[in-house]
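Spelled out, the chains give:
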Amino acid sequence: MATIRPADLIRPEIRALQAYPVPDARGLIKLDAMENPYVWPDALRDEWLARLREAPLNRYPDPQASPLKARLRQAMAIPNDAALILGNGSDELIQLVILALAAPGRTVLAPEPSFVMYRMIADFAGMSFAGVPLRDDDFSLDLTALLATLEDRQPAVVFLAYPNNPTGNRFAPEEVERIIAAAPGLVVVDEAYFSFAEHSFLDSVPNHDNLLVMRTVSKMGLAGLRLGLLVGAPDWLAELEKLRLPYNINVLTQISAEFALEHTALLAEQARCIRRDRELLGKALNALPGVTAYPSEANFILFRTPPGSAKRVHGALREAGVLIKDLSRAHALLNDCLRVTVGTPEENQAFLNALAQALRERP
Ligand SMILES: *Cc1c(COP(=O)(O)O)cnc(C)c1O
């Protein structure tokens, strides 16, 4: 009997992919994944657990998650005339948008470096991907190149992370407007870091028929829940809704997110601390010899280490018990770059001490 091998059946673009790598962080100060470092006070946890006791685990979840959606609309001031669809993390929503548009010869466009899932999902959905390099001095959009690529490739969808990951900057809103106006297809403005940024496109959704704004509760302090949302015109979202698996938001997530969003003051206070500590961390990084930290409107900072040292410094930090992200081989514009998530003040100090020590060591 002939053996059936994966190579005979699995599509070549999938065999060429690497699964999204998640390093083991056990025992380390975890500053690699843009998580919020703060936990809830005990009294609030007890209240949350009391709510979870009533969770009907034997039943399928509410397929529309209506109470949670109402709570999100209120907490995020989502425009009344915009529709809303929920995803198991915003990753799932990126997949949903791409699956709805995927056809041979169609293109997904995004600036690069940016969030890797845009390219990865385009690849496995069988779409082409056009990456337009950001400017090499400040990671701003190269608007001329981007508009030329729009014209040339006619992408079905453009993804703009606003602020951008992994660079931390927020693109100029006038330039984003230009892209929305010029795009022949959808534009998804991915606001994963809205809690830490000075501006949002949420209020602009009703002004455009091709603009979708995506958010997530992950970076707000609820990464474990897996909940993302997409806001846009009702006729677009009605089509996407057909692809959403009916029970994608589980009952524990629905109850927990609803509960958390009743306590937006606490989440806002945590975000305020993170923004304050981001400024302190940026200054401290720039004071280290040979280090350049880039301005950030997110809860992380991208910084450049002395030429050729990123891998060694990243390893030395890990040896010292601090896990951050090595991006030095992720894109040509990120040579020598590492990315650190803003943690608690104590975690940030431990990171800075370990980094200063690593920079003093000779390779
Ligand atoms: C973290 C991140 C996401 C993924 O969010 P999830 O809701 O956790 O899936 C999406 N976009 C950007 C730009 C991110 O940095």
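Here the structure is shown first, and the text comes after it.
A short tour of the structure in this document, coming up. Because the structure is a prediction, the values reported are computed rather than measured. (Residues numbered from 1 in each chain as written. Predicted model: local features only at pLDDT ≥ 70, side-chain atom pairs only at ≥ 80, totals over all residues. Heavy atoms only, no water.)

Remarks on the side chain of Lys219
Stage number 1. With respect to the helices, strands and loops of the structure, Lys219 is situated in helix α9 (residues 218-222).
Stage number 2. Other than its neighbours up to four places away in sequence, Lys219 contacts Ala33, Met34, Asn36, Ala192, Tyr193, Phe196 and Asn299. (Helix = DSSP H or I, 4+ residues; strand = E, 2+ residues; numbered from the N terminus. Contact = heavy atoms within 4.5 Å.)

A closer look at the pairing of strand β8 (residues 228-232)
Stage number 1. Of all five residues in β8, five are buried, a share of seventy percent or more.
Stage number 2. Residue alternation in β8 divides its side chains into two sets, Gly228, Leu230 and Gly232 and Leu229 and Val231, and both sets are buried.
Stage number 3. In the sheet, strand β2 (residues 83-87) pairs with β8 via five bridges, with the strands oriented antiparallel. Each residue of the ladder has a partner; that of Ala83, found in β8, is Gly232.
Stage number 4. In this structure, strand β7 (residues 211-216) lies alongside β8, joined through four bridges in antiparallel fashion. Considered in β8, the bridge of Thr216 is made with Gly228. (Buried < 20%, exposed > 50% of the residue type's maximum accessible area, 1.4 Å probe, protein only. Pairing = 2+ DSSP bridges.)

Brief notes about the sheet that holds strand β12 (residues 325-326)
Stage number 1. Reading across the sheet, the four strands line up as β9-β10-β13-β12 and stay open at both edges, with antiparallel pairing between neighbours. A single partner strand is all that each edge strand has here, and the edge strands are β9 (292-293) and β12.

Some details on the pairing of β2
Stage number 1. The buried fraction of β2 amounts to five of the five residues, a majority that puts the element mostly inside the structure.
Stage number 2. Burial along β2 is two-sided: Ala83, Ile85 and Gly87 facing one way and Leu84 and Leu86 facing the other are all buried.

Considering the packing of helix α13 (residues 310-319) against helix α14 (residues 345-360)
Stage number 1. Running from amino to carboxyl end, α13 crosses α14 at an angle of 130 degrees, the nearest separation of the two axes being 9 Å. It follows that α13 is oblique to α14 by the angle criterion. Both α13 and α14 take part in a crossing whose hand is right-handed. Residues Arg312, Val313, Ala316 and Leu317 of α13 touch α14, and the partners they reach there are Phe351, Ala354, Leu355, Ala358 and Leu359.
Stage number 2. For the contact of α13 with α14, the residue count by class is eight nonpolar, no polar and one charged. (Axes fitted to C-alpha atoms, helices over the stretch in contact; angles between N-to-C directions. Parallel < 35°, antiparallel > 145°, perpendicular 65-115°, else oblique. Left-handed = near helix turned anticlockwise from the far one by under 90°. Nonpolar A, V, L, I, M, F, W, Y, C, P; charged D, E, K, R; others polar.)

Here we look at unusual backbone geometry
Phi is mostly negative for residues that are not glycine, and the peptide bonds are mostly trans.
Stage number 1. The amide bond that connects Glu112 to the next residue, Pro113, takes the cis arrangement and shows omega of 5 degrees.
Stage number 2. Position of Pro113 relative to the elements: it lies in the loop between β3 (107-112) and α6 (116-124).
Stage number 3. Following Tyr162, the chain continues to Pro163 via a peptide bond in cis, the omega torsion being -5 degrees.
Stage number 4. Position of Pro163 relative to the elements: it lies in the loop between β5 (157-161) and α8 (173-182).

Structural notes on helix α11 (residues 251-261)
Stage number 1. Within α11, nine of the 11 residues are buried, which leaves it mostly tucked inside the rest of the structure.
Stage number 2. Within the sequence span of α11, burial applies to Val251, Thr253, Gln254, Ile255, Ser256, Ala257, Phe259, Ala260 and Leu261.
Stage number 3. The inward-facing, buried residues of α11 contact α3 (42-53), α4 (66-76), α9 and α12 (264-286).
Stage number 4. Where α11 starts, the residue carrying a side-chain oxygen 2.8 Å from the main-chain nitrogen of Leu252 turns out to be Asn250. (Polar contact = N/O pair within 3.5 Å; in protein donor to acceptor, adjacent residues only side chain to side chain.)

Notes on the site of the ligand
Stage number 1. Around the ligand, 14 residues are found, and the nearest of them are Asp190, Tyr193, Thr216, Ser218 and Lys219.
Stage number 2. Between Asp190 and the ligand, the recorded distance is 2.6 Å, taken from a side-chain N or O atom to a nitrogen atom.
Stage number 3. For the ligand, an oxygen atom lies 2.6 Å from a polar atom in the side chain of Ser218.
Stage number 4. Calculation on the ligand without its partners gives an accessible area of 390 Å², and the protein chains cover 94% of this total.
Stage number 5. Counting only elements with at least two residues in the shell around the ligand, the list comes to α5 (90-101) and α9.
Stage number 6. Looking at the shell around the ligand residue by residue, the class counts come to five nonpolar, five polar and four charged. (Near = heavy atom within 4 Å. Areas by Shrake-Rupley, 256 points an atom, 1.4 Å probe, with all protein chains shown as cover.)

What to know about the sheet that holds strand β6 (residues 186-190)
Stage number 1. Taken in spatial order, the seven strands make up an open sheet running β2-β8-β7-β6-β5-β3-β4, and their pairing is mixed. Two strands bound the open sheet, and with one partner strand each, they are β2 and β4 (128-133). When strand polarity is set aside, the average angle formed by the axes of neighbouring strands in this sheet is 20 degrees.
Stage number 2. Strands in contact with helix α10 (residues 234-241) are β2, β6, β7 and β8; relative to β2, the strand with the most contacts, it is inclined by about 30 degrees.

Focus on the pattern of salt bridges
Stage number 1. For the structure on display, the rule yields 18 salt bridges.
Stage number 2. Three or more residues joined by partner-sharing salt bridges are found here, namely Lys30, Asp32 and Glu35. (Salt bridge = Lys/Arg side-chain N within 4 Å of Asp/Glu carboxyl O.)

Points about the layout of surface pockets
Stage number 1. For the largest pocket, the calculated volume is near 1,200 Å³.
Stage number 2. In this structure, the largest pocket is lined by 48 residues; those nearest its centre are Tyr20, Phe115, Val116, Met117 and Asn165.
Stage number 3. Listing elements by their share of the lining of the largest pocket, those giving two or more residues are α5, β3, α6, α9 and β12.
Stage number 4. With six residues, the top contributor of residues to the lining of the largest pocket is α6.
Stage number 5. In terms of residue class, the lining of the largest pocket is built from 26 nonpolar, nine polar and 13 charged. (1 Å grid on protein atoms, 1.4 Å probe; cavity = no way out; pocket = protein on both sides within 12 Å on 5 of 7 lines; lining within 4 Å. Points joined across faces, edges and corners; volume = space filled by probe spheres on them.)

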